[in-house]
Amino acid sequence: MTVVVPKDAPKDSYLVGLIGSGIGPSLSPALHEREADRQGLRYLYRLIDIDVLGLGPEAVGDLVRGARDLGFDGLNITHPCKQVVIPHLDALSPQAEALGAVNTVVFEDGRAVGHNTDVTGFAAAFARGLPDVPLERVVQLGAGGAGVAVAHAMLTLGAGQVTVVDALPDRAADLAGALNRHFGPGRAASATPDRLADLLASADGIVHATPTGMAAHPGLPFPAELLRPGLWIAEVVYRPLETELLRTARAVGCATLDGGGMAVFQAADAFRLFTGREPDSVRMLADFAELAGAVAAPQ
């Protein structure tokens, strides 16, 4: 976990934002701004959607530089920019460097410093939501920016082995290799999607870390018949909070974890990095439940 040194004279006004694709439904602005209001801060959180701007992920460097020049205090970074942003930063926290993925950028003395709060956010959510599930054999779908973080979190939580499955075999193999170097030989493996049926037949649980299930990418990441009672499912997607994967898994009898807890705990860690102030994650969890419920309610 990144250690934050409190500023000598904390500010009372902050301008932050989120860069990513299809982020219009994000609850991050409300989560950050509500907590800031309770702490007596002026806090503006802006969305910088590359789809709306007609830009590709390679534009993230220009967007980061523009935000710094405009006086932003920091940025959150989400799909598909968590890895491509790295060459455009001046420094990385040890955890972000180890992961090769950044979801939070703090501007300090004109420098852009990358951090990763996805690891701690997912670990806290998993420990809270699925505290007693077996972890000997875990299958993870997705080896992108979020996938890197949650794989590290699962092994930190004590998973025996994590097998990473990705549509890009080299990306899965690279992540497994990095995990084995960090956690020790044999703790991770990679596989192609055609092996998924065999892997899930003997797995304890599944971590889903691809965009499938998001509002812009509806559907299931694999055939529903591969689910069975006894499997647990941990989801990274939180908009919608109940993805088709979670809904189908619950109907089968699987224990499930939605992406809401990760969204809250990573936001709390980012808030701490941006402001140097301690957020109240319990209040933020209540905020999330209220906001997600309001979004899901019929209009």
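Please read these numbers as outputs of a predicted model, since none were measured by experiment.

Enquirer: If you had to explain the environment of His217 to someone new, which residues and values would you point to?
Expert: Looking at where His217 falls in the secondary structure, it is placed in the loop between β10 (205–208) and β11 (232–235). Along the chain, His217 and Lys11 lie 206 residues apart, while their C-alpha atoms are 39 Å from each other. If near-sequence neighbours (up to four positions away) are discounted, His217 is found in contact with Pro211 and Thr212.

Enquirer: Tell me what's going on with the sheet that holds strand β1 (residues 13–20), and back it up with residues and numbers.
Expert: Pairing within the open sheet is mixed, and its 6 strands lie in the order β2-β1-β3-β5-β6-β4. Single-partner strands in this sheet number two, and they are β2 (42–49) and β4 (91–92). When β4 meets strand β6 (residues 111–115), the two strands line up parallel, connected through 2 bridges. Within β6, the residue paired with Leu92 across the bridge is Gly114. Strands in contact with helix α10 (residues 260–275) are β1, β2, β3 (74–77), β5 (104–108) and β6; relative to β5, the strand with the most contacts, it is inclined by about 10 degrees.

Enquirer: Report on the packing of aromatic side chains, specifying residues and quantitative values.
Expert: Scanning the model with the defined rule gives 5 aromatic pairs in all. Ring geometry for Tyr43 against Phe271: centres 5.5 Å apart, planes inclined by 25 degrees, an arrangement best described as stacked. Of this pair, Tyr43 sits in strand β2 while Phe271 sits in helix α10; the two residues are 228 residues apart in sequence, bridging distant segments of the chain. Judged by its relative accessible area of 6%, Tyr43 is buried. Ring geometry for Phe126 against Trp232: centres 5.1 Å apart, planes inclined by 70 degrees, an arrangement best described as edge-to-face. In this pair, Phe126 sits in helix α5 (residues 118–129) while Trp232 sits in strand β11, placing the two residues 106 residues apart along the sequence. Comparing Phe126 with Trp232 shows no difference in burial state: the two are buried. Aromatic ring contacts, followed pair by pair, group Tyr14, Tyr43 and Phe271 into a single cluster. Above the face of the Tyr14 ring, Lys11 is positioned so that its terminal group lies 5.1 Å from the ring centre.

Enquirer: Which residues make up the pairing of β6, and what values go with them?
Expert: Within β6, 4 of the 5 residues are buried, which leaves the element mostly enclosed by the surrounding structure. In this structure, β5 lies alongside β6, joined through 5 bridges in antiparallel fashion. Counterpart to Thr104 in the pairing with β6 is His115. What sits between the antiparallel neighbours β5 and β6 is a turn of 2 residues, in which Asp109 has the positive phi angle 55 degrees.

Enquirer: Could you give an account of helix α6 (residues 145–156), with specific residues and numbers?
Expert: The end-to-end C-alpha distance of α6 is 17 Å, a good match for the 16 Å that 12 residues give at a rise of 1.5 Å each. Of all 12 residues in α6, 11 are buried; the element is thus mostly enclosed. Note on α6: the residue one or two positions beyond its end, Gly158, has a positive phi of about 110 degrees.

Enquirer: I'd like a description of the nonpolar core, backed by residues and values.
Expert: Counting 47 residues, the largest nonpolar core has Phe122, Phe126, Met154, Val207, Trp232, Ala234 and Phe288 as its most contacted members. The dominant element in this core, judged by the number of residues it contributes, is α6, at 8 residues.

Enquirer: Hey, could you go over the sheet that holds strand β9 (residues 188–191) for me, with residue numbers and the actual values?
Expert: Ordered by their spatial adjacency, 6 strands build an open sheet running β9-β8-β7-β10-β11-β12, and the pairing between neighbours is parallel. The sheet is open, and its two borders are formed by β9 and β12 (255–257), each paired with just one other strand. This sheet shows a mean twist of 20 degrees between the axes of neighbouring strands, independent of strand direction. In this fold helix α7 (residues 169–183) packs onto β7 (137–141), β8 (161–165) and β9, with an angle of close to 175 degrees to the strand it touches most, β9. Across the sheet, helix α9 (residues 244–252) lies against β10, β11 and β12, angled at about 165 degrees from β11, the strand it touches most.

Conventions and cut-offs
- Residues numbered from 1 in each chain as written.
- Predicted model: local features only at pLDDT ≥ 70, side-chain atom pairs only at ≥ 80, totals over all residues.
- Heavy atoms only, no water.
- Helix = DSSP H or I, 4+ residues; strand = E, 2+ residues; numbered from the N terminus.
- Contact = heavy atoms within 4.5 Å.
- Pairing = 2+ DSSP bridges.
- Axes fitted to C-alpha atoms, helices over the stretch in contact; angles between N-to-C directions.
- Phe/Tyr/Trp six-rings, centres within 6.5 Å; stacked < 30°, edge-to-face > 60°.
- Buried < 20%, exposed > 50% of the residue type's maximum accessible area, 1.4 Å probe, protein only.
- Lys NZ or Arg CZ within 6 Å of the ring centre and 35° of its normal.
- Expected span 1.5 Å × (residues − 1).
- Core = buried A, V, L, I, M, F, W, Y, C linked by side-chain atoms within 4.5 Å.

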